[in-house]
Amino acid sequence: MNLLPNIIFAAILILGLGYFIKHIKKIRRNIKLGQDIDVNNHKKERWKNMAMIALGQSKMVRRPISGVLHVVVYIGFIIINIEVLEIIIDGLFGTHRVFSVLGAFYGFLISTFEILAVSVVIAVIVFWLRRNSLKLKRFWSKEMTSWPKKDANYILYFEIVLMALFLLMNATDLQFQDMNSGNSISKYISPLFASLPANTLHIIERTAWWLHIAGILVFLNYLYFSKHLHILLAFPNTYYASVKPKGELNNLDAVTKEVMLMMDPNADPFANPETEEEEPVTKFGASDVQDLNWVQLLNAYTCTECGRCTSECPANQTGKKLSPRKIMMDTRDRLEEVGKNIDHNNGTFKDDKKQLLDNYITREELWACTSCNACVEACPVSINPLSIILDMRRYLVMEESAAPVELNNMMTNIENNGAPWPYNQMDRLNWKDEA
Amino acid sequence: MSDVLKVPTMAQFMAEGKQPEVLFWTGCAGSFDDRAKKITKAFVKILNKAKVEFAVLGTEESCTGDPAKRAGNEFLFQMQAVTNIEVMNAYEVKKIVTACPHCFNTIKNEYPSLGGNYEVVHHTQFLKSLLDEGRLTIEGGQFKGKRITFHDPCYLGRANNVYEAPRDLIKKLDAELVEMKNCRKKGLCCGAGGAQMFKEPEQGNKDVNIERTEQALEVQPNIIAAGCPFCNTMMTDGVKAKNKEAHIKVMDIAELIANAQDL
């Protein structure tokens, strides 16, 4: 028996999975550059969110057209992967359609896959038309040029090619066509090849088979470079997303410590620190990706750049520079840059005189946000761009004192007279007696 | 119009050794802004009529810190929060009602981890509960059959999932509730949140309140109902900018209920 194909198959498989794991490890390391955040709570609710939002696609279908098409591709993608299991077994052990021993059930399975494959192709074509011909505003924003635009189309091409290879492989498999069970779609394709000799057909079938599995492995490794990473990260992302009311912004513990000290009449401002060790100076807010927490960084890797957030954003709708999607894309781009910097400098980050603030996200964008949570509500995978905007505002105000002048006036008023306007606190009840 | 508003303070209640049923958190807008003061008075008239034993903090109240926090000044926010919490805890406050969704959100969600644990309700929720308990009756009056659209305040709706209480109240007025294309979870911001109220907007091609007002005008309402003093200001400005103030009024739900009964 010639073992060469099996060995080649095993080698390709190991190579493909090996690279994939290497990339996953890199993503994991980059995400862990973020600050710690406690997510060890509300486990039941978190599992439920993941089941509903990621697995159940509940937020995708809020926009019915793209939602339903997405569900088709998503189901197709998951179910057709059962076929990949057969391909792997066949490839490693030199069998041919090992699951066909299941008989009629096998026919049912493959038939389902074929119908799904055609549905996926149709959905992907509609996606392509929506993205490239319909000029939907959210696909034509400033941040959707160059790589992000190409990336989106590459994914669609990949999917069409993979599905076409799957159907071609079935259509040219004489043995499978002779079974006449499960070839519900491919039986209409196989007549196209009827004039070819069996030998040629076999070569086409083998080529399609090899290209199909190789394509899947290439696609798997493409994820790391692509917005398509969401097919994996949507699951942890929906699990770790906030379970609090959307209006609740976190209270900074470091600030609470200081405030409590200030408010404590018994505190001795000249007391020696209790511990000898110098506490690291806390930085308030975020000017770079390492200042964000790891869930925010996971958010950035999960973003699939669909732009639903941006299309719902009141600032963006009225022509301001702010785009919540760009906030997430910038965060990922900067995080990737920091990651590469660490790779090139033997595991430590070397200051590159750049940061997320100003080099990626401008102050004008940050100050345009109304904190309305429309972006958070719109995201189909529970990403929170608002929390990043707020953390960056915190840096601007508490580290740089760089708020817009009107906001400084507002804050001075609150500090001096307990209201954002210059009214005396003693006049707070005057309304009662006014006509 | 009833002549005198009964607005007891927490200090007065304490002096008498009593506890009010609820603390009415007036808020800065409700205390100082000329438009919002009308909302405050309308709400107080309803409370007086329903014989609700409420109290205000009066001069002991201070900004919740919401605009400071959303502008990024966590220090100022927490200073305000801790001061307010100290006052309220000293009065052993249990339940708070406010007509401002920003105060509502901040006290309800952001005060607990700083030591302030209270039951907090928005005034539309409170009015709804008075209605359900039979302590308040709502009649349509001048609003019977009027087309009313409700603008969801972000900090009441998306932020805290309160969508129905204000709508239930509007329906009680025998008015026709018409929904804008963006409502409830998809409600469009008025443009004031996140401390935008206190600054000029960034450069764009339109102001957010104009965009939202246009959405409201599309459904041809007689009245745009609001549940937030800041939304009220933004929508009023929007209606003025569109020269529609003679035909379309922007009113708080509390004003609708009070005016319907000529309170």
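The rules we used
- Residues numbered from 1 in each chain as written.
- Chains lettered and ligands numbered in written order.
- Predicted model: local features only at pLDDT ≥ 70, side-chain atom pairs only at ≥ 80, totals over all residues.
- Heavy atoms only, no water.
- Salt bridge = Lys/Arg side-chain N within 4 Å of Asp/Glu carboxyl O.
- Helix = DSSP H or I, 4+ residues; strand = E, 2+ residues; numbered from the N terminus.
- Buried < 20%, exposed > 50% of the residue type's maximum accessible area, 1.4 Å probe, protein only.
- Phe/Tyr/Trp six-rings, centres within 6.5 Å; stacked < 30°, edge-to-face > 60°.
- Core = buried A, V, L, I, M, F, W, Y, C linked by side-chain atoms within 4.5 Å.
- Contact = heavy atoms within 4.5 Å.
- Pairing = 2+ DSSP bridges.
- Axes fitted to C-alpha atoms, helices over the stretch in contact; angles between N-to-C directions.
- Buried area = accessible area lost by both parts, 1.4 Å probe.
- Polar contact = N/O pair within 3.5 Å; in protein donor to acceptor, adjacent residues only side chain to side chain.
- Domains from an automatic or database assignment.
- Right-handed = clockwise from strand over helix to strand, strands pointing away.
- Expected span 1.5 Å × (residues − 1).
- Parallel < 35°, antiparallel > 145°, perpendicular 65-115°, else oblique.
- Left-handed = near helix turned anticlockwise from the far one by under 90°.
- Nonpolar A, V, L, I, M, F, W, Y, C, P; charged D, E, K, R; others polar.

A. Geometry of the pattern of salt bridges. Here the structure, examined in full by the defined rule, presents 45 salt bridges over all chains. Here Asp343 of chain A ties to Lys26 of chain A by a salt bridge, and the two come within 3.2 Å at their closest N and O atoms. Taken as a pair, Asp343 of chain A in helix 14 (residues 324-344) and Lys26 of chain A in helix 1 (residues 4-31) lie far apart in primary sequence, 317 residues in all. With relative accessibility at 32%, the residue Asp343 of chain A sits in the partly exposed group. For Lys26 of chain A, a relative accessible area of 23% puts it in the partly exposed group. Lys37 of chain B is the salt-bridge partner of Glu434 of chain A, the closest N and O atoms lying 2.9 Å from each other. Of this pair, Glu434 of chain A sits in the segment after helix 19 (405-417) while Lys37 of chain B sits in helix 3 (residues 34-49), which puts the two residues in different chains. Accessibility expressed as a relative area gives 34% for Glu434 of chain A, which makes it partly exposed. One network of salt bridges, in which partners are shared, links Asp288, Arg334, Glu337, Asp352 and Lys354 of chain A.

B. Main features of the packing of aromatic side chains. For the structure shown, the criterion picks out 21 aromatic pairs over all chains. Look at Phe9 of chain A and Trp209 of chain A: their rings are 5.5 Å apart centre to centre, the planes differ by 35°, and that puts the pair in the tilted class. Here the residue Phe9 of chain A occupies a position in helix 1, and Trp209 of chain A occupies one in helix 8 (residues 198-222), the gap between them amounting to 200 residues. Residue classification places Trp209 of chain A among the buried positions, given a relative accessible area of 5%. Where Phe24 of chain B meets Phe54 of chain B, the ring centres are 6.4 Å apart and the plane angle is 70°; that geometry is what we call edge-to-face. You can see Phe24 of chain B sitting in strand 1 (residues 22-25) and its partner Phe54 of chain B sitting in strand 2 (residues 54-55), a full 30 residues away along the chain. Phe24 of chain B sits in the buried class, given a relative accessible area of 0%. With a relative accessible area of 2%, Phe54 of chain B lands in the buried category. Every member of this aromatic cluster is reached through a ring pair, and the members are Trp147, Tyr154, Phe158, Phe219 and Tyr222 of chain A.

C. Focus on the nonpolar core. Judged by nonpolar contacts, the single largest core of 102 residues is most densely connected at Leu407 of chain A together with Met88, Ile96 and Tyr118 of chain B. If you tally residues by element for this core, the top one is helix 18 (residues 385-399) of chain A, at eight residues. For Met88 of chain B, the residues in contact, after removing those within four places along its chain, are Leu23, Trp25, Leu57, Val93, Ile96, Tyr111 and Tyr118 of chain B. Counting 40 residues, the second-largest nonpolar core is a separate cluster that includes Phe24, Phe126, Leu127 and Phe150 of chain B.

D. Quick look at the sheet that holds strand 2 of chain B. Residue and element names in this part refer to chain B. One open sheet holds the four strands; their spatial order is 2-1-3-4, and the pairing between them is parallel. Only two strands of the sheet have a single partner each, and these edge strands are strand 2 and strand 4 (119-122). Pairing of strand 1 with strand 3 (residues 95-98), which is carried by three bridges, proceeds in the parallel orientation. Directly across from Trp25, in strand 3, lies its bridge partner Thr98. With respect to the sheet, helix 6 (residues 101-110) is in contact with strand 1, strand 3 and strand 4, its orientation differing from that of strand 4 by roughly 160°. Strands in contact with helix 7 (residues 123-132) are strand 1, strand 3 and strand 4; relative to strand 4, the strand with the most contacts, it is inclined by about 90°.

E. Here's a closer look at the interface of chain A and chain B. The partner chain B presents 72 residues to the 61 residues of chain A that form the contact. A buried area of about 5700 Å², summed over both sides, lies between chain A and chain B, and 63% of it is on carbon and sulfur atoms. In terms of surface lost to chain B, no three residues of chain A exceed Trp421, Arg428 and Trp431 of chain A, which account for 14% of the buried area on that side. Connecting chain A to chain B are four salt bridges. One can count 34 residue pairs in polar contact (both at pLDDT 80 or more) joining chain A with chain B.

F. Layout of the domain arrangement of chain A. Residues and elements named next belong to chain A. We note that the domain assignment places domain 1 (4-31 + 63-240) and domain 2 (253-264 + 283-423) within chain A. For domain 1 and domain 2, the distance between their C-alpha centres works out to 38 Å. Taken together, the 28 residues of domain 1 in the interface contact 30 residues of domain 2. Summed over both sides, the interface of domain 1 with domain 2 buries roughly 2500 Å², with 51% coming from carbon and sulfur. Together, Ile31, Glu143 and Asn237 form the three largest contributors to the area buried by domain 1 at its contact with domain 2, with a combined 25%. Note that Asp343 is salt-bridged to Arg29, the shortest N-O span being 2.7 Å. Sorting elements by how many residues they give to the side of domain 1 that touches domain 2 places helix 9 (residues 230-240) first, with seven residues.

G. Quick peek at unusual backbone geometry. Backbone geometry at Ser371 of chain A places phi at a positive 55°, although glycine is not the residue there. Tracing the chain through its elements places Ser371 of chain A in the loop between helix 16 (363-367) and helix 17 (374-378). Unusually for a residue other than glycine, Asn161 of chain B sits at a positive phi of about 60°. Looking at the secondary structure, you find Asn161 of chain B in the loop between strand 5 (147-150) and helix 8 (164-172).

H. Here's a closer look at the pairing of strand 5 of chain B. All names here are of chain B. Both strand 5 and strand 6 (residues 176-177) contribute to a ladder of two bridges, which runs parallel. Counterpart to Arg147 in the pairing with strand 6 is Glu176. Each parallel crossover has a hand, and for strand 5 linked through helix 8 to strand 6 it is right-handed.

I. Representation of helix 14 of chain A within the structure. Residue and element names in this part refer to chain A. Taking 1.5 Å per residue, 21 residues should reach 30 Å; helix 14 reaches 31 Å between its end C-alpha atoms and fits that length. Among the 21 residues in helix 14, 16 count as buried, and that is most of the element. Downstream of helix 14 by a residue or two, Asn346 has a phi angle that is positive, lying close to 50°.

J. Spatial organisation of the packing of helix 3 (residues 64-93) of chain A against helix 4 (residues 104-132) of chain A. Residues and elements named next belong to chain A. Where helix 3 contacts helix 4, the two axes come as close as 8 Å, and the packing angle between them is 140°. Considered as vectors, helix 3 and helix 4 are oriented oblique to each other. The interaxial crossing formed by helix 3 with helix 4 has left-handed handedness. A breakdown of the residues in the contact of helix 3 with helix 4 according to their chemical character gives 18 nonpolar, four polar and three charged.

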